Amino acid sequence: MDRQTDDQRIPRELKIKSTLFKDTIAACATAFGNAGVAIIRISGNKSLKILKKIFSPKLSKLESRKLYYGKIINSKKEVIDEVLVSYFKAPKSYTAEDMVEIYCHGGFVATKRVLEKVLKEGARIARPGEFTERAFLAGRIDLTQAEAIADIIYAKTEKSQKIAEEQLAGSLKNEISKILNLILKVHSQLLLNIDFPDEDIPQITKKEIAFKILKPQKLLKEMLDGASLGTIYKEGLKVAIVGLPNAGKSSLLNALVKDSRAIVTDIPGTTRDILEEQIEIKGILIRLFDTAGITKTENKIEKEGILRSERAIKESHLLLVVIEKEKDLEKFLNLLRPEIKQVFKTKEIFLIKNKIDLNKGFKKIPAKGLNILKVFKTAAIKGIGIKNIEKEIFEKVKNKDTTEGVLITNLRQKNLLEITLKYLEEAQKLAEIGETEDKILQELDSAKNSLDKITGEVVVKEALDKIFSKFCIGK
């Protein structure tokens, strides 16, 4: 298996020594705009010095973690803004450095003027996520907790917020530590075999090695089993509404969203592009995609719309297939390109028999080899039958939630867990065929390094830059 060379990885100890911390950074920690309060955050060894230069009245001593009332002034002693300030003495601060927070009036002008004064006195503007990056580099949090902070900031539902809070509290870090300790135990026993072959020390057999590697594999598989659900909780359940033109797809979207978001007419082909709307059902984010009707056409715009509909079929977790008449399902299938039809047959489907107010005599429809989970009767334009669809979408997600452990919501973490599992499976295979200790150790070392990349004990600089670039500037 591919392994990164040592010069591509940065051990945490060297990372900390090389980074603590030559410059002082500042940024607005709240969104720019009209608001009651804005927060200017400063971090670094010049933080207190900067505050003392721009704050009035002069304070001989600022106690950590206390609020002080005063004014920010310019070099001519003119008032820039009336503020509250607080000082956080290292290491008991968010970044583990000296930090200052200035609570000024919200609004573009006041915030901009205070921040400009801070920058003029020796701070530089922070990069996106740099405050949290410094907290990580100083060892105050690990990388899973840093990523959890971003997840809290961007959480769209209470469920995704709760998962992120648990990871910030260390749930994922603790689970990784548990797996790592199991690997290290086998690792140390193998080293004893190598270092003291002739000593009167109990030797671990290859059979015992293979058996002991099973437990960390089991824990990894359990975590990976919950990854798809974790992604749904974080990013939402992708639900594509598909069917023939004029089947009522846009009416169904509007009924689920409870708003007239899609144009509805009796003219086939009104929808030419993907329209995405988001709703929340009992704490679960549902991402609805209204798609162009599948039909034969020479119109370039309609063709592009159909291609995007096919892409939505591929990428969605659940399909709402809307039909008006019994023959529509077979007609829809026949219009799909062969490769899309194969994908379609693997998808979970809710079949929506729409316009029941106009078509009273719906007959039973053959499944045609499809994975149809439920059949619903609706009159979407009148809101009939919509609550049943909402209920079943929620139940579908809820029934998948059998995981008692940590839910993985992060693709980077998922990929590294999969790599770790492959290394352990290879180590077990080598032990079973009686390979030498050093070859087994090589796989265990690689597994350990993959886990260390999850927590940030070892990181690739490019990966670190990518993670923190997703943060807002003031966090």
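Treat the numbers as computed from the prediction; the structure is a model and nothing was measured. (Residues numbered from 1 in each chain as written. Predicted model: local features only at pLDDT ≥ 70, side-chain atom pairs only at ≥ 80, totals over all residues. Heavy atoms only, no water.)

Colleague: Where do I start with the nonpolar core in this structure?
Modeller: What tends to happen in soluble globular proteins is that the nonpolar side chains get buried as a cluster. Ile 209, Leu 417, Ile 440, Leu 444 and Leu 451 are the most contacted members of the largest nonpolar core, which has 32 residues in total. Those elements that place two or more of their residues in this core are helix H7 (171-195), helix H8 (206-212), helix H9 (214-225), helix H16 (411-432) and helix H17 (437-455). In terms of residue count, H16 provides more of this core than any other element does, 8 residues in total. Each residue touching Leu 417, except ones within four places of it in the same chain, is listed here: Ile 176, Leu 220, Met 223, Leu 224, Ile 408, Leu 451 and Ile 454. Listed in part, the 31 residues of the second largest apolar core include Ile 241, Ile 284, Ile 352 and Val 397. (Core = buried A, V, L, I, M, F, W, Y, C linked by side-chain atoms within 4.5 Å. Buried < 20%, exposed > 50% of the residue type's maximum accessible area, 1.4 Å probe, protein only. Helix = DSSP H or I, 4+ residues; strand = E, 2+ residues; numbered from the N terminus. Contact = heavy atoms within 4.5 Å.)

Colleague: I'm lost on empty space enclosed by the protein in this one. Help?
Modeller: Rolled over the atoms, a probe with the dimensions of a water molecule shows which regions are left empty. If you walk through the whole model with that rule in mind, you get 1 cavity of 30 Å³ or more. When its volume is computed, the largest cavity comes out at roughly 40 Å³. Of all the secondary structure elements, the ones that give two or more residues to the lining of the largest cavity are helix H6 (158-168) and helix H10 (227-235). Broken down by element, the lining of the largest cavity gets its largest block of residues, 3 residues, from H6. (1 Å grid on protein atoms, 1.4 Å probe; cavity = no way out; pocket = protein on both sides within 12 Å on 5 of 7 lines; lining within 4 Å. Points joined across faces, edges and corners; volume = space filled by probe spheres on them.)

Colleague: Could you clarify how one ought to interpret the sheet that holds strand E7 (residues 99-105) in this entry?
Modeller: Pairing between sheet strands relies on hydrogen bonds along the backbone, with the strands arranged either parallel or antiparallel. Spatial ordering of the open sheet is given by E4-E5-E6-E7-E3-E2-E8, a layout of 7 strands whose pairing is mixed. Across the chains shown, the open sheet's two edge strands, defined by having one partner strand only, are strand E4 (55-56) and strand E8 (124-125). Of the pairings in the sheet, the one linking strand E2 (residues 25-28) to E8 comprises 2 bridges and is parallel in character. Within the sheet, the bridge partner assigned to Ala 26 lies in E8 and is Ile 125. (Pairing = 2+ DSSP bridges.)

Colleague: Help me out: how do you make sense of the packing of aromatic side chains in this one?
Modeller: Aromatic ring pairs are defined here through the distance separating the ring centres and the angle between the ring planes. Inspection of the entire model under this criterion finds 5 aromatic pairs. Judged by centre distance (5.2 Å) and plane angle (55°), the rings of Phe 350 and Phe 376 are tilted. Residue Phe 350 is located in strand E13 (residues 348-353), and its partner Phe 376 is located in strand E14 (residues 371-377); the two are separated by 26 residues in the primary sequence. The pair Phe 350 / Phe 376 is uniform in exposure class, with both members buried. (Phe/Tyr/Trp six-rings, centres within 6.5 Å; stacked < 30°, edge-to-face > 60°.)

Colleague: Please explain the sheet that holds strand E11 (residues 284-290) as it appears in this structure.
Modeller: Strand order in the open sheet made by the 6 strands is E10-E11-E9-E12-E13-E14, with mixed pairing throughout. Two strands close off the open sheet at either side, each with one partner strand: strand E10 (275-281) and E14. Taking each pair of neighbouring strands and ignoring which way they run, the sheet shows an average axis angle of 25°. Sheet topology note: the E13/E14 ladder contains 6 bridges and is parallel. If you follow Ile 349 over to E14, its bridge partner there is Ile 372. (Axes fitted to C-alpha atoms, helices over the stretch in contact; angles between N-to-C directions.)

Colleague: Before we go on, may I ask you to explain the pairing of strand E3 (residues 37-43) in this structure?
Modeller: Two faces, one strand: in a regular strand the side chains alternate between the faces of the sheet. For E3, the buried fraction is high: 5 of the 7 residues fall into the buried class. One ladder, built from 4 bridges, connects E2 with E3; its direction is antiparallel. Looking at the pairing, Ile 25 lines up with Ser 43 of E3. As defined by bridge partners, E3 adjoins E7 across 7 bridges and the pair is classed as antiparallel. Within the sheet, the bridge partner assigned to Val 37 lies in E7 and is His 105.

Colleague: I tried to follow the confidence of the model for the protein on my own but got confused; where do I start?
Modeller: Low pLDDT marks stretches whose predicted atomic positions should not be read closely. Overall, the prediction assigns the protein a mean pLDDT of 86, with 89% of residues at 70 or greater. Throughout residues 1-19 the model reports pLDDT below 50, and contacts reaching past four residues in sequence, or to other chains, amount to 35 contacts. When the criterion is pLDDT under 50, residues 262-272 qualifies, and its contacts beyond four places in sequence or with other chains add up to 27 contacts. (pLDDT = per-residue confidence, 0-100.)

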